[in-house]
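Architecture at a glance
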Amino acid sequence: MTDALIIDTPDTDYRHPRQRVRLDTILRLRWLAALGQLSAIFIVVQGLEFDLPVVPCLAVISISALLNLGLQIAFNPMQLLEPHHAGGLLALNIVELTVLLYLTGGLENPFSYMFLAPVLIAATALPVRMTIMLGLLAVACATALFFMHLPLPWEGEEPLIFPPIYLFGVWLSIALAIGVTSLYAFQVTEEARKLSDALAATELVLAREQHLTQLDGLAAAAAHELGTPLATIVLISRELERALQDNIQVTSDIKTLREQAQRCRDILGKITQLSSIGSMYDRMKLSTLIEETVAPHRDFGVDIKVRVAVAASKEPVGSRNPAILYGVGNILENAVDFARNAVEVNAWWNNETVELVISDDGPGFAPDILKRIGEPYLSRRRNAEDGQGGNQGGGLGLGVFIARTLLERTGAKVSFTNRTFPDHGAVVQIVWPRRRFEASEDGEEAEPE
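These numbers were taken from a predicted model, which means no experiment stands behind them.

What follows covers the overall build of the protein. Helix and strand counts for the protein stand at 12 helices and 7 strands. A fraction of 75% describes how many contacts in the protein between residues 6 or more apart in sequence connect residues 24 or more apart. In the form shown here, the protein has an accessible surface area of approximately 26100 Å², with 61% of it arising from carbon and sulfur atoms.

Right, here's the structure in full:
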């Protein structure tokens, strides 16, 4: 238990690659396609009494079914497929569909739009390169069917012949549908993946803060438990030193042993005192919170001005919440990074709300991203001439998303604006309901002082 607590949290890369598809998912889709194809042939032949080449069509579907059965027996259906393996199976679906459409009228067949299905699946689960290759394969197969296919079965002695311009329209609609719907599916899946990664990063930050809290309690417990055996060692060594005072060499060694044991006791005593002192700061005033977040950023060549308004009501006192400390600290760090000369931190409160405003004199938020600030992986890097101080590679993406998420979990409302012209710079406003700010971390309201 102790080892588990003191092992440091690894720097895990929370940006996962695109999700891979399970073999079982592909096989289910292929079985569903085979069942649908069999049903369509049965309805057309038996219900509509159209003259289809039934034997070749059933041969193609049978080969597909046998391949599905072989894959299900040879491999574990729950295993994750590599992108090229999944892409190969989806490409096989396109080829099988092409053969069936060739036997049943080509692009004249209304089922020709089924070319969309494999490409959409690739867009949601496979890399972009693989999706593009499958899309090009589907368009190539549709192009081949434009020129080569058996006639569409139809009632009457004269076959129904569609004009080439109509077939070209069908081909063009298939090509455009593949491109547009695949792009849309890819964008939606990519946004969902980024959001999932960003939430994982948020949980990682909270886990590390909790880990530090556990270490503090562990240090206090260790200091308390080790105090007794060290006291015993000091006592016995003192008695041995007195009993063996005639043996100078042994007495010197015992004296050194006693001094080192006493030194250990002194160190543990300091740890215990720090732990007991730290408990006094489980709750902190708003001004203390501001100073704690501002202090690490004062030596970066940017003047940080803190103004705490004097109000009629008593200064709010909140719990020492790691989410608030990290969230406010991250926003302040971005302000210092983008500021030219100065950053202002203004705070005020009343009986209902607690407000904190962080502003800088930098370039401010670009109009095109102002309404999207706080989305994961939205970034804007500044050039060297944009300002001085800070890290020139600063971004406004994942860090701000984590900060906003953490602050909103504590009940705060975070808004991003720019200063009014002719002033320039970014303004971040954080507003808590006073009741939520003064609540403890577990959500219970603090007792009035």
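Running from N to C, helix H3 (residues 54–74) and helix H4 (residues 83–103) point in directions that differ by 165°, and their axes come no closer than 9 Å. As judged from the angle between their axes, H3 and H4 are roughly antiparallel. The hand of the H3/H4 crossing is left-handed. Note on element contacts: H4 touches H3 through Leu89, Leu92, Glu96, Val99, Leu100 and Leu103, opposite Pro56, Cys57, Val60, Ile61, Ser64, Leu67 and Leu71. Split by residue class, the contact of H3 with H4 holds 11 nonpolar, 1 polar and 1 charged.

Moving on to the packing of H4 against helix H5 (residues 116–125). The N-to-C vectors of H4 and H5 enclose an angle of 165°; their axes lie 9 Å apart at closest approach. Looking at the two axes, H4 sits roughly antiparallel to H5. Crossing handedness for the pair H4 and H5: left-handed. Here Leu90, Asn93 and Ile94 of H4 lie close against H5, whose contacting residues are Pro118, Ile121 and Ala122. When its residues are assigned to classes, the contact of H4 with H5 shows 5 nonpolar, 1 polar and no charged.

So, on to the nonpolar core. In globular proteins that are soluble, nonpolar side chains generally tend to be buried together. Core analysis: the biggest nonpolar cluster contains 37 residues, and Val343, Ile430 and Trp432 have the highest contact counts within it. Put simply, the parts of the chain that give this core at least two residues each are helix H9 (286–294), helix H10 (322–338), strand S4 (342–349), strand S5 (353–360), helix H11 (398–409), strand S6 (413–418) and strand S7 (426–433). The next biggest cluster of nonpolar side chains, apart from the first, holds 32 residues, and it includes Leu23, Leu107, Cys141 and Ala177.

With 17 residues, H10 ought to run about 24 Å at 1.5 Å a step, and its terminal C-alpha atoms sit 24 Å apart, in line with that. The buried count for H10 comes to 15 of 17 residues, which makes it a mostly enclosed element.

Let us look at the side chain of Ser112. Within the secondary structure, Ser112 sits in the loop between H4 and H5. A polar contact of 3.0 Å, which involves the side chain of Ser112, links it to the backbone oxygen of Asn109. In contact with Ser112, not counting residues within four places along its chain, are Leu101, Gly106, Leu107, Val170 and Ile174.

On to the UniProt feature "transmembrane region" (unreviewed entry) in the protein, then. Look at the UniProt record and you will see "transmembrane region" (unreviewed entry) annotated at residues 29–47, 53–75, 87–105, 111–128, 135–152 and 164–186. End C-alpha to end C-alpha, residues 53–75 measures 34 Å, and it is 91% helix and 0% strand. The straight-line gap between the two end C-alpha atoms of residues 135–152 is 25 Å; of that span, 72% is helix and 0% is strand.

Our focus in this paragraph is the side chain of Ser237. Within the fold, Ser237 resides in helix H7 (residues 164–243). Apart from the residues within four sequence positions on either side, Ser237 is in contact with Ile254 and Arg258.

What follows is about the environment of Arg30. Its place among the elements puts Arg30 in helix H2 (residues 23–47). In the structure, Arg30 is positioned 62 residues away from Leu92 in sequence and 10.0 Å away in space, judged by C-alpha atoms. In this structure, Arg30 is in contact with Ser64, Leu67, Asn68, Leu89, Leu92, Asn93 and Glu96, ignoring residues within four places of it in sequence. There is a polar contact of 3.0 Å between the side chain of Arg30 and the side chain of Ser64. A distance of 2.3 Å separates polar atoms of two side chains, one belonging to Arg30 and the other to Asn93.

Take the pattern of salt bridges next. With the rule as written, the count across this model stands at 6 salt bridges. The residue Asp24 makes a salt bridge to Arg28 at a minimum N-O spacing of 2.7 Å. Linking Asp24 with Arg28, this pair stays in helix H2, spanning 4 residues, or about one helical turn. The closest approach of N and O atoms between Arg30 and Glu96, which form a salt bridge, is 3.0 Å.

Note that strand S2 (residues 303–308) and S4 share 6 bridges and pair parallel. Bridging from a neighbouring strand, Ile304 pairs with Val343 of S4. Here S4 pairs with S5 via 7 bridges, running antiparallel. Note that in S5 the partner of Ala347 across the bridge is Leu356. If you look at the hairpin formed by S4 and S5, you'll find 3 residues sitting between the two strands.

Moving on, we get to the sheet that holds S7. Pairing within the open sheet is mixed, and its 5 strands lie in the order S2-S4-S5-S7-S6. The sheet terminates laterally at S2 and S6, the two strands that pair on one side only. Between one strand axis and the next, the sheet turns by 15° as a mean value, whatever way the strands run. Relative to S4, H9 is tilted by about 165°, and along the sheet it contacts S2, S4 and S5. Most of the contacts of H10 go to S5, to which it runs at about 25°, and overall it touches S2, S4, S5, S6 and S7.

Before going further, it helps to examine helix H6 (residues 128–147). Its 20 residues place the ends of H6 29 Å apart at the C-alpha level, agreeing with the 28 Å of an ideal helix rising 1.5 Å per residue. Considered for burial, the residues of H6 that qualify are Met130, Thr131, Leu134, Gly135, Ala138, Cys141, Ala142 and Leu145. Along the axis of H6, the buried positions cluster into a sector of 135°, meaning they face one direction only. Within H6, the exposed residues directed more than 90 degrees away from the buried face are Arg129, Leu136 and Phe147.

Conventions used here
- Residues numbered from 1 in each chain as written.
- Predicted model: local features only at pLDDT ≥ 70, side-chain atom pairs only at ≥ 80, totals over all residues.
- Heavy atoms only, no water.
- Helix = DSSP H or I, 4+ residues; strand = E, 2+ residues; numbered from the N terminus.
- Contact = heavy atoms within 4.5 Å.
- Areas by Shrake-Rupley, 256 points an atom, 1.4 Å probe, with all protein chains shown as cover.
- Axes fitted to C-alpha atoms, helices over the stretch in contact; angles between N-to-C directions.
- Parallel < 35°, antiparallel > 145°, perpendicular 65-115°, else oblique.
- Left-handed = near helix turned anticlockwise from the far one by under 90°.
- Nonpolar A, V, L, I, M, F, W, Y, C, P; charged D, E, K, R; others polar.
- Core = buried A, V, L, I, M, F, W, Y, C linked by side-chain atoms within 4.5 Å.
- Buried < 20%, exposed > 50% of the residue type's maximum accessible area, 1.4 Å probe, protein only.
- Expected span 1.5 Å × (residues − 1).
- Polar contact = N/O pair within 3.5 Å; in protein donor to acceptor, adjacent residues only side chain to side chain.
- UniProt positions renumbered as here; feature names shortened; annotations may be inferred.
- Salt bridge = Lys/Arg side-chain N within 4 Å of Asp/Glu carboxyl O.
- Pairing = 2+ DSSP bridges.
- Arc of directions from axis to C-beta.

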